[in-house]
Amino acid sequence: MTKEMTEGSPLRLIFNFSLPLILGSLLQQTYSLIDAAIVGKYLGINDLAAVGASTSVVFLIIGFCTGCCCGFGIPVAQAFGARSYSDLRRYVANSLWVSLIISVVLAVVTSLLCERILFMMQTPHDILHHAYLYLLVTFIGIPFTFLYNLLSSLIRALGDSKTPFYFLLIAAILNIVLDLFCILILHWSVAGAAIATVFSQAVSALLCLYYMFRKFDILKMEKGETALDKHYIKGLLDMGVPMGLQFSITAIGSIMLQSANNALGTSCVAAFTAGMRIKMFFMCPLESMGIAMATYCGQNYGAGKTERINMGLRASFFMVCLYCIFCFIVLHLFARHIIYLFVDFHEYEIIEKANQFIVTSCTYFIPLGLLCLLRYSIQGLGYSKLAMMSGVFEMVDRTAVSLFLVPILGYTGVCYGDPSAWFAADLFLIPAYLYVHKRLSRKRCYAQAS
């Protein structure tokens, strides 16, 4: 069932639309947490470190896939808001073709290069083999990851954010069961955790594909609408590639930061892994709220109702601030107890370092929330290349921290790598959003005058 976001209370619309997104992303992070918890508890600290040693590399590639898919959904949302259903179907068909090509090429190239990447990141020798296996399986599964993210993005562009959540719930349960089966019964170690995740994503992708073409009448293709078309491919790439590159550019800074952390030893890698998993769990609602704003802005822009965009941004920022205060309280009080899910009580050094990382990060969640809202709003309004520049600011900041701050402060410098990058991105995004909004206001005035 499609849903338009061009009429009614922005706060209510965005909250109702983002809630399934938040639940879905929390669910996704939950099985990521369980992955790490099972590995840490049953296989040990070295294997936990092996899973985490390549986190930023996975974010580099998977982030590019996710960004492209979110970008591909924006022309669909705009066409849906404008009720140009033939254009909508052509965008959907061409996005499937483009995604197939990009994902296969990425899977082949990254699989061939993953061992060299781990060497370049100064991965400790005692975890190198398992880190390679985990990374290799993850890269082989890129086409399934790409397909799920694309289809869920397209379904959300049509106003349905609930159905991808239901399919993700099925995948999460399957992932947990397969984790236990592959690790405890088949003894496939960290490779088993990666296999379980890839297989679960494949199942959720196929469910999305079946649902999308069976349930949305406006997606029933007419003659000629499934063919590759340069015009629609260009529109998709103009939106998707900058968004994908934005994630990748951001991840380059994260790779630099993780490389600096890897050089500090296995205990720091394990602490970083546990801390990062917990941080990602608590920050994913902020990302989901941003994704909801991309769809909201895309539909209202397509419908010519740009005056509603600021209203939506204010409503979203209010909800983001409430959530960030909640996270600050919970993590300052209970972060250590959550860390016990990953490591045994006697691993005092790792527990302290992971706690330091989590508490430092959550203190600066409001700047992160603002970053997500502004970046996705700018993208939803069609200025993906401008939004991409915020990733450059993050990359430069994290690189500077890894080169200058970590050698001086050690692990404490690693803890401040992300918060300082969020501030740097906001310094760019705030004037960028004001610029975009001013341009849209002028266009509306010209349209009304004519």
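Residues numbered from 1 in each chain as written. Predicted model: local features only at pLDDT ≥ 70, side-chain atom pairs only at ≥ 80, totals over all residues. Heavy atoms only, no water.

Draft legend 1. Main features of the overall build of the protein chain. From N to C terminus, the protein chain includes 16 helices and zero strands. Relative to a compact globule of 450 residues, whose C-alpha radius of gyration would be 22 Å, the protein chain shows 21 Å and is just as compact. If one aligns the C-alpha atoms of the protein chain with their principal axes, the spans along those axes are about 70 × 40 × 35 Å. The 450 residues of the protein chain split such that 59% are buried. Sequence separation of at least 24 residues holds for 86% of the intrachain contacts in the protein chain that already meet a minimum separation of 6. (Helix = DSSP H or I, 4+ residues; strand = E, 2+ residues; numbered from the N terminus. Rg over C-alpha atoms; globule rule 2.2 N^0.38 Å. Buried < 20%, exposed > 50% of the residue type's maximum accessible area, 1.4 Å probe, protein only. Contact = heavy atoms within 4.5 Å.)

Draft legend 2. Summary view of the environment of proline 143. Relative to the helices and strands, proline 143 is located in helix α6 (residues 142-157). The partly exposed category is assigned to proline 143, whose relative accessible area is 26%. The contact partners of proline 143, leaving out residues within four places of it in the chain, are Ser103 and Ala107.

Draft legend 3. Quick peek at the pattern of salt bridges. Counted under the stated rule, the structure contains ten salt bridges. For arginine 375, the salt bridge is made with glutamate 394, and the minimal N-O distance between the two is 2.3 Å. Taken as a pair, arginine 375 in helix α13 (residues 365-380) and glutamate 394 in helix α14 (residues 384-409) lie far apart in primary sequence, 19 residues in all. Of the two residues, arginine 375 and glutamate 394, neither departs from the other in class, the shared state being buried. Residues participating in the shared-partner salt-bridge network are Lys279, Arg375, Glu394, Arg398 and Asp418. (Salt bridge = Lys/Arg side-chain N within 4 Å of Asp/Glu carboxyl O.)

Draft legend 4. Fine view of the nonpolar core. Formed by 132 residues in total, the largest nonpolar core has its most connected members in Phe342 and Phe365. When residues of this core are assigned to their parent elements, the largest contribution, 18 residues, is made by helix α10 (residues 266-302). Residues within four places of phenylalanine 342 in sequence aside, it is in contact with Leu33, Ala36, Ala37, Gly40, Lys41, Leu48, Ala274, Arg277 and Ile278. Within the second largest apolar cluster, ten residues are counted, among which are Val51, Val137, Ala193 and Ala194. (Core = buried A, V, L, I, M, F, W, Y, C linked by side-chain atoms within 4.5 Å.)

Draft legend 5. A positive patch on the surface, seen in detail. Residues Lys438, Arg439, Arg442 and Lys443 make up a contiguous surface patch of positive charge. Assignment of secondary structure puts arginine 439 in helix α16 (residues 417-449). (Patch = residues over 30% accessible without salt bridge, like charges linked within 9 Å, V, L, I, M, F, W, Y side chains within 5 Å. Areas by Shrake-Rupley, 256 points an atom, 1.4 Å probe, with all protein chains shown as cover. Lys, Arg positive; Asp, Glu negative; His and termini not counted. Charge placed at Lys NZ, Arg CZ, Asp CG, Glu CD.)

Draft legend 6. A look at the side chain of glutamine 201. Secondary-structure assignment places glutamine 201 in helix α8 (residues 189-215). Take glutamine 201: its relative accessible area is 13%, and that puts it in the buried class. At 2.7 Å, the side chain of glutamine 201 forms a polar contact with the side chain of threonine 145. (Polar contact = N/O pair within 3.5 Å; in protein donor to acceptor, adjacent residues only side chain to side chain.)

Draft legend 7. Summary view of unusual backbone geometry. Positive phi values are uncommon outside glycine, yet histidine 187 reaches one of about 55 degrees. Along the chain, histidine 187 turns up in the loop between α7 (162-185) and α8. A positive phi is found at serine 189, a non-glycine position, where the angle reads about 55 degrees. Judged by its relative accessible area of 15%, serine 189 is buried.

Draft legend 8. Representation of the packing of helix α4 (residues 85-120) against α6. Viewed as axis vectors pointing N to C, α4 and α6 meet at an angle of 155 degrees, and their least axial separation amounts to 8 Å. Taken together, the axis directions place α4 and α6 in an arrangement best described as roughly antiparallel. Between α4 and α6 lies a crossing of right-handed hand. Counted together, Val92, Ser95, Leu96, Ser99, Ile102, Ser103, Leu106, Ala107 and Thr110 of α4 and Ile142, Pro143, Phe146, Leu147, Leu150, Leu151 and Leu154 of α6 form the full contact between these two elements. Here the contact of α4 with α6 is composed, by residue class, of twelve nonpolar, four polar and no charged. (Axes fitted to C-alpha atoms, helices over the stretch in contact; angles between N-to-C directions. Parallel < 35°, antiparallel > 145°, perpendicular 65-115°, else oblique. Left-handed = near helix turned anticlockwise from the far one by under 90°. Nonpolar A, V, L, I, M, F, W, Y, C, P; charged D, E, K, R; others polar.)

Draft legend 9. Spotlight on the environment of valine 104. Inspection of the secondary structure puts valine 104 in helix α4. Residue valine 104 is classed as partly exposed on the basis of its relative accessible area of 40%.

Draft legend 10. Inspection of the packing of aromatic side chains at higher detail. Here the structure, examined in full by the defined rule, presents twelve aromatic pairs. Geometrically, the ring pair formed by tyrosine 211 and phenylalanine 216 is edge-to-face, given 5.7 Å between the ring centres and 85 degrees between the ring planes. Residues tyrosine 211 and phenylalanine 216 agree in their burial class; the two are buried. Residues tyrosine 364 and phenylalanine 423 carry aromatic rings whose centres are separated by 5.9 Å and whose planes lie at 75 degrees to one another, so their mutual orientation is edge-to-face. Note that tyrosine 364 is positioned in the loop between α12 (348-362) and α13 and phenylalanine 423 in helix α16, a separation of 59 residues in sequence. Pairwise contacts between aromatic rings join Phe167, Tyr211 and Phe216 into one cluster. (Phe/Tyr/Trp six-rings, centres within 6.5 Å; stacked < 30°, edge-to-face > 60°.)

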